[in-house]
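An overview of the molecular structure
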Amino acid sequence: MNAAVATSVFGAFMVLTVALGLLAVRRKGTEKGRPAGLSEWSVGGRSLGTVFIWVLMAGESYTSFSYLGAAGWGYNSGAPVLYVVAYMSCGYALGYVVGPMLWAYARRHGLVGITDMIAHRYRAPWLGAAVALLATVCLLPYIQLQITGMGVVVSTISYGAISINWAYFLSFAVTTGFVVISGLRGSAWVSVLKDVLVIGTLGFLAVYVPLHYFDGYGPFLDRLVAEKPQWLTFPGHDSGGLGQVWFVTTTLVNSLTVVIFPTTVAGYLGARNAEALRRNALYLPFYNVLLFVPMLLGMAALFVVPGLTGADSNLALFKMVVDSLPAWAVGLVGVAAALSSIVPMAVFMLVIGTMWGRSVLGAIPRLNKGAAGAASGDGGGEAAGGRQKLWSQLVVVVAGALALLLTYTAPDTLVRLSLISYEGMAQLVPMLLLGLVWRRLTLHAAVSGLVAGFTLVCVLVFGGHDPVWGMNAGIVGLAVNVAVALAVTWLGPRAADGRPDAEVLALDDEFPRDGVPSRGAPVSPPALS
């Protein structure tokens, strides 16, 4: 009976999720009177307001990690898990400046992602394709981890009635169908439902668990201080040397990385204007307060469900939920956790599809015959956008299927790749951000720095040297990256680029707060319909 009730609640909300995605697309299609192109599918037609941008980008901070990984880290280690709150808050502060800058640059030149921006900045379509491949390697593990996370949630809230393998497939099928049909706009609509459930369920659990198991926060915290003091200080319990230096360097490198992460940039580019992004950067840190709840409840689980080891520690929060709440409430918590997988997984898949549809497959002329301008970073018509959208949707299905297949057959493969996801993506920071504000950074310098930094990160991480000297390996790789890029810029060849600064750099004064260009600067129409 419990399984039937919980799975019925879950199933009803999954139907509602797909319906919201369809409604978002249908409404926009009705407004425009024509099929949506790649720009509408991938960046919401650059028309999302403050509320939709807020819930969409908040969705990236609340994934299945929030219910599983954050609680598991709190259960296993304690204090080091606070790096998540630290780097996201710092990243939002950086996003106040970086977000409008990237939005203005992309809008001016009709670009739809970081691969587009890099190809346009350095006049090198091949570099956009190479970055798409690198970013896919770093993003694909997140799809696999969300499939795994949602699968664990579904199997747990069904009281074992749905096997873990079927739960994995359900996660893949719902998310793939949803993102192919609805794109970024549908994800933003569903994010509203997700946020209502996340805020409601975590707010309830923050009150319920301490009262139910400990008679309040006072007795719980007293017991935690008396019996588990290691969990409250660095380097935490059994954390492998994650001390203060690791905390600071990880916060720094992740806060730099999150502002250029392809999924974050997709949120930036979906905004109606730059002011929506600035307001969003002010509001998002408030959402981070909720992250303290699963972290704290993970430590509460030390006393309620002791002895969890390995992957089982990630179920610390859900074991308390399933053991003490009625089935309908278990179903609601499960829906919130599942949507916290679906929304970010949809954006990850959409971004991979867009990068390949635009910068890789879309740049091959023989695959895009009849779609003039398909490979151009500066323009292109509806035919180009429609053809690239089809390629992008196909890649979404392939990427999701590959992640699902590896989840079944070689789960450790992508998990190991996830070790370099953030640290590897950090190596794109000089190429993108430094390149958009400093004209002298050359193609050779940017590529040399990227290769040096990424290679060093791989050597350190896969060689078991992360942290290195107590520091996050990503910050070491980033320092080498910048040093090499600067050295090659000053000592290496200088390619001639006769384009004006407005064509190469992200000049903030061209797009002030209302998004209207000043100085009479012309605005190219979006490259994609």
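Everything below is about the structure shown above.
These lines cover the structure that appears in this document, whether it is placed above or below. Because the structure is predicted, anything quoted here is derived from the model rather than measured. (Residues numbered from 1 in each chain as written. Predicted model: local features only at pLDDT ≥ 70, side-chain atom pairs only at ≥ 80, totals over all residues. Heavy atoms only, no water.)

**Regarding the packing of helix H9 (residues 164-214) against helix H14 (residues 292-304)**
- One can describe the packing of H9 onto H14 by two numbers: an axis separation of 10 Å at closest approach and a directional angle of 25°. In this view, H9 runs roughly parallel relative to H14, as classed from their interaxial angle. When the axes of H9 and H14 are compared, the crossing they make is left-handed. Residues Leu202, Leu205, Ala206, Val209, Pro210, Tyr213 and Phe214 of H9 lie in contact with H14, whose contacting residues are Val293, Pro294, Leu297, Ala300, Phe303 and Val304. (Axes fitted to C-alpha atoms, helices over the stretch in contact; angles between N-to-C directions. Helix = DSSP H or I, 4+ residues; strand = E, 2+ residues; numbered from the N terminus. Parallel < 35°, antiparallel > 145°, perpendicular 65-115°, else oblique. Left-handed = near helix turned anticlockwise from the far one by under 90°. Contact = heavy atoms within 4.5 Å.)

**Focus: the environment of Ala70**
- With respect to the element layout, Ala70 can be found in helix H5 (residues 69-76).
- The class of Ala70 is buried, set by a relative accessible area of 0%.
- Measuring from C-alpha to C-alpha, the distance between Ala70 and Val84 comes to 8.6 Å, with 14 residues separating the pair along the chain. (Buried < 20%, exposed > 50% of the residue type's maximum accessible area, 1.4 Å probe, protein only.)

**So, a nonpolar patch on the surface**
- Together, Val18, Leu22 and Ile181 make up an exposed nonpolar region whose accessible area comes to about 230 Å².
- Among the structural elements, Leu22 can be located in helix H1 (residues 2-32). (Patch = residues over 30% accessible without salt bridge, like charges linked within 9 Å, V, L, I, M, F, W, Y side chains within 5 Å. Areas by Shrake-Rupley, 256 points an atom, 1.4 Å probe, with all protein chains shown as cover. Salt bridge = Lys/Arg side-chain N within 4 Å of Asp/Glu carboxyl O.)

**Examining the nonpolar core**
- Residues Tyr67, Leu102, Met117, Ile143, Leu428 and Met431 are the most contacted members of the largest nonpolar core, which totals 162 residues.
- Looking at this core, the element that brings in the most residues is helix H16 (residues 327-360), giving 20 residues.
- Discounting chain neighbours no more than four positions away, the residues touching Met117 are Leu102, Tyr105, Ala106, Leu111, Val265, Leu269 and Leu432. (Core = buried A, V, L, I, M, F, W, Y, C linked by side-chain atoms within 4.5 Å.)

**What to know about unusual backbone geometry**
- Residue Pro235 is reached from Phe234 by a cis peptide bond, and omega for that bond is 5°.
- Along the chain, Pro235 turns up in the loop between helix H10 (217-227) and helix H11 (244-258).
- For the peptide bond that leads from Asp466 to Pro467, omega is 5°, which places it in the cis range.
- For Pro467, the location among the structural elements is in the loop between helix H21 (443-462) and helix H22 (473-491).

**Looking at the packing of helix H8 (residues 125-157) against H16**
- Their axes nearest at 8 Å, the elements H8 and H16 cross at an angle of 165°. By the angle between their directions, the pair H8 and H16 is classed as roughly antiparallel. Considering the relative orientation of H8 and H16, their crossing is left-handed.
- Of the residues in the contact of H8 with H16, the class split is 26 nonpolar, eight polar and no charged. (Nonpolar A, V, L, I, M, F, W, Y, C, P; charged D, E, K, R; others polar.)

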